[in-house]
Amino acid sequence: MSPTRFPVGLYGVTPEWDDTARLLQAVRQAADGGMRALQLRRKHVTPAVRLAQARELAALCRELGVVFLVNDDWQTALQAGADGAHLGRDDATLAEVRAAAPGLILGVSCYADLDRARGLLDQGADYVAFGAMFPSTTKPEAVHAPLTLLTEAAALTRAHGQPRPAVVAIGGITPANAGQLAHAGADSIAVITGLFEAPDIRAAARACAAPFTSSRG
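An unreviewed UniProt entry lists the chain under the name Thiamine-phosphate synthase, with Bordetella genomosp. 12 given as the organism. Under Pathway (unreviewed entry), UniProt gives the following word-for-word description of the chain: "Cofactor biosynthesis; thiamine diphosphate biosynthesis; thiamine phosphate from 4-amino-2-methyl-5-diphosphomethylpyrimidine and 4-methyl-5-(2-phosphoethyl)-thiazole: step 1/1." As recorded by UniProt, the Function (unreviewed entry) comment attached to the chain reads in full: "Condenses 4-methyl-5-(beta-hydroxyethyl)thiazole monophosphate (THZ-P) and 2-methyl-4-amino-5-hydroxymethyl pyrimidine pyrophosphate (HMP-PP) to form thiamine monophosphate (TMP)."

Participant: Which parts of the structure should I look at to understand unusual backbone geometry?
Facilitator: Negative phi values dominate among residues other than glycine, just as trans dominates among peptide bonds. A cis amide bond links G131 to the next residue, A132, at an omega of 15 degrees. Relative to the helices and strands, A132 resides in the loop between strand 6 (127-130) and helix 6 (147-157). That bond from Q162 to P163 is cis: its omega, -5 degrees, falls within 30 degrees of zero. Relative to the helices and strands, P163 is located in the loop between helix 6 and strand 7 (166-170). You will see that D72, though not glycine, has its phi angle at about 70 degrees, which is positive. Mapped onto the elements, D72 comes out in the loop between strand 3 (67-71) and helix 3 (74-80). Take D72: its relative accessible area is 23%, and that puts it in the partly exposed class. Phi is positive for Y111, which is not a glycine, with a value near 55 degrees. With respect to the secondary-structure elements, Y111 resides in strand 5 (residues 105-111).

Participant: For this particular structure, what's the right way to read helix 2 (residues 47-64)?
Facilitator: One turn of an α-helix holds 3.6 residues; hence residues three or four places apart share an orientation. The terminal C-alpha atoms of helix 2, which comprises 18 residues, lie 25 Å apart, in line with the 26 Å expected from a rise of 1.5 Å per residue. Where helix 2 is buried, its residues touch helix 1 (20-32), strand 2 (35-40), strand 3 and helix 3. Phi turns positive, to about 75 degrees, at G65, one or two residues after helix 2.

Participant: Looking at this model, I keep getting lost on the nonpolar core. Mind explaining?
Facilitator: Nonpolar side chains in soluble globular proteins tend to be buried together. In this structure, F68, F130, I189, L195 and F196 are the most contacted members of the largest nonpolar core, which totals 68 residues. If sequence neighbours within four positions are ignored, F130 has contacts with C110, Y111, D113, L114, A117, L149, L150, A153, V167, V168, A169 and I170. F6, I105, Y127 and A190 belong to the second-largest nonpolar core, a separate cluster that totals 13 residues.

Participant: Hey, could you run me through the packing of aromatic side chains in this one?
Facilitator: The geometry of an aromatic ring pair comes down to the distance between the two centres and the angle between the two planes. The full count for this structure, using the stated rule, is four aromatic pairs. The rings of F6, Y11 and Y127 are connected pair by pair, giving a single aromatic cluster. When the ring centre of W17 is taken as origin, the NZ or CZ atom of R22, which lies over that ring, is 3.6 Å away. Cation over ring: R89 sits above Y111, and NZ or CZ is 4.0 Å from the ring centre.

Participant: I tried to follow the pairing of strand 3 on my own but got confused; where do I start?
Facilitator: Counting buried positions along strand 3 gives five out of five residues, so the element sits mostly inside the fold. Residues V67, L69 and N71 of strand 3 are buried on one face, and the alternating residues F68 and V70, pointing to the opposite face, are buried as well. The sheet contact formed by strand 2 and strand 3 spans four bridges and is parallel. Opposite Q39, over in strand 3, you have L69 as the bridge partner. Once you follow strand 2 into helix 2 and on to strand 3, the crossover reads as right-handed. Assessed by its sense of winding, the connection that carries the chain from strand 3 through helix 3 to strand 4 (residues 84-87) is right-handed.

How each quantity is defined
- Residues numbered from 1 in each chain as written.
- Predicted model: local features only at pLDDT ≥ 70, side-chain atom pairs only at ≥ 80, totals over all residues.
- Heavy atoms only, no water.
- UniProt positions renumbered as here; feature names shortened; annotations may be inferred.
- Helix = DSSP H or I, 4+ residues; strand = E, 2+ residues; numbered from the N terminus.
- Buried < 20%, exposed > 50% of the residue type's maximum accessible area, 1.4 Å probe, protein only.
- Expected span 1.5 Å × (residues − 1).
- Contact = heavy atoms within 4.5 Å.
- Core = buried A, V, L, I, M, F, W, Y, C linked by side-chain atoms within 4.5 Å.
- Phe/Tyr/Trp six-rings, centres within 6.5 Å; stacked < 30°, edge-to-face > 60°.
- Lys NZ or Arg CZ within 6 Å of the ring centre and 35° of its normal.
- Pairing = 2+ DSSP bridges.
- Right-handed = clockwise from strand over helix to strand, strands pointing away.

In structure tokens:
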């Protein structure tokens, strides 16, 4: 498997927890199980609360060797000392953020739109994310993205240098279906409920990461 600009394997995405101590403990357990990247996703809090959690998570992720990104809010990513930001359709454009913060890892939501991915890869995205791959409790209204989209996206990324951009799958992912995504071409899987709401977070992380430990073409 060719090297990527973003970690291969399990990419944890935080649930909407206000209890920061609980969240930090859960992140440590997930990292123990093999989580290699984490995204802070807090949609319904004040900027001050988001920044406070981001700063604590950034410090923990540095300790654990986990790449840390902030969803939507690249300014908070910079202020907290995060490694990067994840941008959706309604956020600042990739070009704007890259110009303002050239050192950040930037991932982008591509939903089920390969043309969007193509354009954002041309603009220098470090990863392109597709989903929902399976029915999602977090976004039940999300458009379904077929597994074949991951295969097509993986082929696209190979034309964008080495290390190449990564392909990330999101939406309804559990240890039971993670292998399908790895086989289809995903480099990483972004998991919320299937990881952080699992009865044993460490074991769930280990099971989600397992399909990515073997080499793929």
